[in-house]
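Observations on chain architecture
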Amino acid sequence: MDTAVLDLIRRSRRVLAICHVGPDGDAIGSLLGLGWALKAMGKEVTLACADPVPPFYRYLPGQGEIVRRPEGMFDLVISLDCSDKERLGDAYREEYHALPLLNIDHHVTNQYFGTANLVDPEAASTAEIVFLLLDELGLPIDPPMAQCLLTGIVTDTRGFRTASSTPRVLAIANRLMAAGASLPEIVSRTLERRPLAMIRLWGQALPGAQLRGKILWTEITEAMRAEAGLTTVDDGGLVNFLLTAEEAEVAVVFSEKNGGQEVEVSFRARPGWDVAQVALSLGGGGHMLASGATVRGGLAEVRERVLALLEESLAAQERARRET
């Protein structure tokens, strides 16, 4: 492992760790797992995310300490699960730009924007990378760290069902379970449960699902979210559910946010297709099969722009296949 990464952590005393906007299980799990570890090293730690912690992850130890607008003086900022600085959102304030920035991530679209970069696109999750970092630092894994990190791995592999579920991932999961993480609880809470309000939101969004060629898409308005009683932008895994449709090769959910001025776009694809490049062109990032972006503009405008880009990209990929 790069000694610059280890040196930044060892020299720091007051650390600000930030995960991406619209956080998922890997973002929250990595943030909390690293936070517990840094505290065990005697660091003063502030954990931040510009958006609220989704209900699915509020069972995790320490989640109540995550703030949306950090305050204080720091000597190191750590970015977790972000492919670029913009994904840090408002939690990464202007006064922090002069500080050393450690970038820990696994997205293939990562921009290597840190003072030091711990980026492994082959890793199944950022939580996996954090686990290996703690190993390198010689830190023992306690039950809170284990529960948080295994949550990140389980959610980003969709319960060890993705192609990234390698023998290394399973070995790490085994060690985390041995350290006190409960796999049945994590699977139940993150993959098998959702609030009634989220089910009601799905009930509003699913009738609007439309198939456009290979793309199955739907949208979530702020009015729909308010009617369902939800305050977070998270779609609760709706985009994954859409991809189970037999006719779909790609699924997209458009979620209106910030008073209709922005749209959170979530992409999923079946193996053999790549949605990461479209997400990257929109200022987002992710993986070939799972990506996202926050796009400025109204819902209808963003939807048509994104679907056109996606259609163009899929057509180009299909042409490339025929030519090989």
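Residues numbered from 1 in each chain as written. Predicted model: local features only at pLDDT ≥ 70, side-chain atom pairs only at ≥ 80, totals over all residues. Heavy atoms only, no water.

Observations regarding the nonpolar core
Side chains of a nonpolar character, in soluble globular proteins, are inclined to be buried together. Formed by 72 residues in total, the largest nonpolar core has its most connected members in I78, I104 and L176. Listed in part, the 22 residues of the second largest apolar core include V250, V252, V275 and L314. (Core = buried A, V, L, I, M, F, W, Y, C linked by side-chain atoms within 4.5 Å. Buried < 20%, exposed > 50% of the residue type's maximum accessible area, 1.4 Å probe, protein only.)

What to know about helix α7 (residues 196-205)
What α7 keeps buried is the set A197, M198, L201, W202 and A205. Axial view of α7: buried residues confined to an arc of 145 degrees, hence all on one face. Residues of α7 that are buried sit in contact with β7 (215-220), α8 (222-228) and α9 (238-242). (Helix = DSSP H or I, 4+ residues; strand = E, 2+ residues; numbered from the N terminus. Arc of directions from axis to C-beta. Contact = heavy atoms within 4.5 Å.)

Some words on the state of the cysteines
Think of a disulfide as a covalent bridge from one cysteine sulfur atom to another cysteine sulfur atom. The full count for this structure, using the stated rule, is zero disulfides. Unpaired in this structure, C148 has its nearest cysteine sulfur neighbour in C19, at a distance of 12 Å. By relative accessible area, which is 0% here, C148 ends up buried. (Disulfide = S-S within 2.5 Å.)

A few points about the environment of G236
One can find G236 in the loop between α8 and α9. In this structure, the C-alpha to C-alpha distance between G236 and P195, residues 41 residues apart in sequence, is 8.9 Å. Setting aside residues up to four positions removed in sequence, G236 forms contacts with F56, R194, M198 and W202.

A closer look at the pairing of strand β3 (residues 76-80)
Consecutive side chains of a regular strand alternate in pointing toward one face of the sheet and then the other. The element β3 is largely enclosed, with a buried count of five among its five residues. With burial as the criterion, each face of β3 is covered, one bearing L76, I78 and L80 and the other bearing V77 and S79. Bridging between strand β1 (residues 14-19) and β3 involves five bridges; their strand directions are parallel. Bridge pairing in β3 places L16 opposite V77. Across four bridges, the pairing between β3 and strand β4 (residues 101-105) is parallel. Counterpart to L80 in the pairing with β4 is I104. (Pairing = 2+ DSSP bridges.)

Details of the pairing of strand β11 (residues 290-296)
Of the pairings in the sheet, the one linking strand β9 (residues 262-269) to β11 comprises seven bridges and is antiparallel in character. Within β11, the residue paired with E262 across the bridge is R296. Here two bridges tie strand β10 (residues 285-286) to β11, and the two strands are oriented antiparallel to one another. Its bridge partner lying in β11, G285 is registered against G292. A loop of three residues connects β10 with β11, the two strands running antiparallel in sequence.

Details of the pattern of salt bridges
Tallied over the full model, the rule gives 16 salt bridges. The salt bridge partner of R189 is E185, with a shortest N-O separation of 3.0 Å. With R189 and E185 both in helix α6 (residues 183-191) and four residues apart, the pair spans about one turn of that helix. A residue is classified by how much of its surface remains accessible, and R189, at 30% relative accessible area, is partly exposed. E318 is the partner of K214 in a salt bridge, and the nearest nitrogen-oxygen pair spans 3.3 Å. Note that K214 is positioned in the loop between β6 (210-212) and β7 and E318 in helix α11 (residues 299-323), a separation of 104 residues in sequence. (Salt bridge = Lys/Arg side-chain N within 4 Å of Asp/Glu carboxyl O.)

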